[in-house]
Amino acid sequence: MNTQTTLASTETEIRNALEDWASAARAKDIARIFAHYAPDIVAFDAIAQLQFKGADAYRAHWETCMTMCDGPMIFELHELQITAGEDLAFVHALNRCGGTGPDGKEMTAWMRMTACYRKTHGKWQVVHEHFSAPFDPESAKVLWLEP
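In this report, the structure presented in the accompanying data block is examined. (Residues numbered from 1 in each chain as written. Predicted model: local features only at pLDDT ≥ 70, side-chain atom pairs only at ≥ 80, totals over all residues. Heavy atoms only, no water.)

For the rest of this paragraph, the subject is the sheet that holds strand β5 (residues 106-120). Reading across the sheet, the six strands line up as β2-β1-β6-β5-β4-β3 and stay open at both edges, with mixed pairing between neighbours. Two strands bound the open sheet, and with one partner strand each, they are β2 (52-53) and β3 (73-84). As judged from the nine bridges shared by β5 and strand β6 (residues 123-132), these two strands associate in the antiparallel manner. Bridge pairing in β6 places arginine 112 opposite serine 132. Along the sheet face, helix α3 (residues 55-66) touches β1 (37-44), β2, β3 and β6 and points at about 65 degrees away from the line of β1. (Pairing = 2+ DSSP bridges. Helix = DSSP H or I, 4+ residues; strand = E, 2+ residues; numbered from the N terminus. Contact = heavy atoms within 4.5 Å. Axes fitted to C-alpha atoms, helices over the stretch in contact; angles between N-to-C directions.)

Put into structure tokens, the structure is as follows:
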């Protein structure tokens, strides 16, 4: 297989992994979500803590986040870009995430997402993930802008 074909195949593998991860998030399936993370992940999320080191710490955070939405989860990737090599890949996207409250009203926000994948023993896993939201430095308020 030539390099171009290998990189296209890698991009497809990662795109499929991202689709499964997002589907698992919508289903609130923690086990399936965490099948995509390396045990030594370091994550920077937009809420709660400055950083999460290791899958156990990040899993506890995800479990807490899932309790914030009573109804169906909204978790959509937009403007997805993948840059892949043989054993490392870089992904960035905009993520519309949130849920439906008990009153049926959608509560969503746009987040920026960056992830780094590493291929270990033939499997792509996220070793670093970063979610953030832009903010106004004068007011310190988060800006929930549409893309």
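Another aspect to go through is the pairing of β3. Pairing of β3 with strand β4 (residues 88-100), which is carried by ten bridges, proceeds in the antiparallel orientation. Within the sheet, the bridge partner assigned to glutamate 76 lies in β4 and is arginine 96. Counted along the chain from β3 to the antiparallel partner β4, the turn is three residues long.

To continue, consider unusual backbone geometry. With a phi angle near 55 degrees, glutamate 79 is a residue other than glycine that sits in the positive phi range. Structurally, glutamate 79 can be placed in strand β3.

To continue, consider the pattern of salt bridges. Within the structure shown, the criterion is met by seven salt bridges. Of the charged contacts, one joins glutamate 63 and arginine 59 as a salt bridge, the two residues approaching to 3.3 Å between their closest N and O atoms. Note that glutamate 63 and arginine 59 are positioned in helix α3 at a spacing of four residues, about one turn of the helix. In this structure, the salt-bridge partner of arginine 96 is glutamate 106, at a minimum N-O distance of 2.5 Å. Here arginine 96 is found in strand β4, whereas its partner glutamate 106 is found in strand β5, with ten residues between them in sequence. Of the residues examined, glutamate 106 reaches a relative accessible area of 45% and is grouped as partly exposed. Each of Glu76, Arg96 and Glu106 takes part in one network of salt bridges that share partners. (Salt bridge = Lys/Arg side-chain N within 4 Å of Asp/Glu carboxyl O. Buried < 20%, exposed > 50% of the residue type's maximum accessible area, 1.4 Å probe, protein only.)

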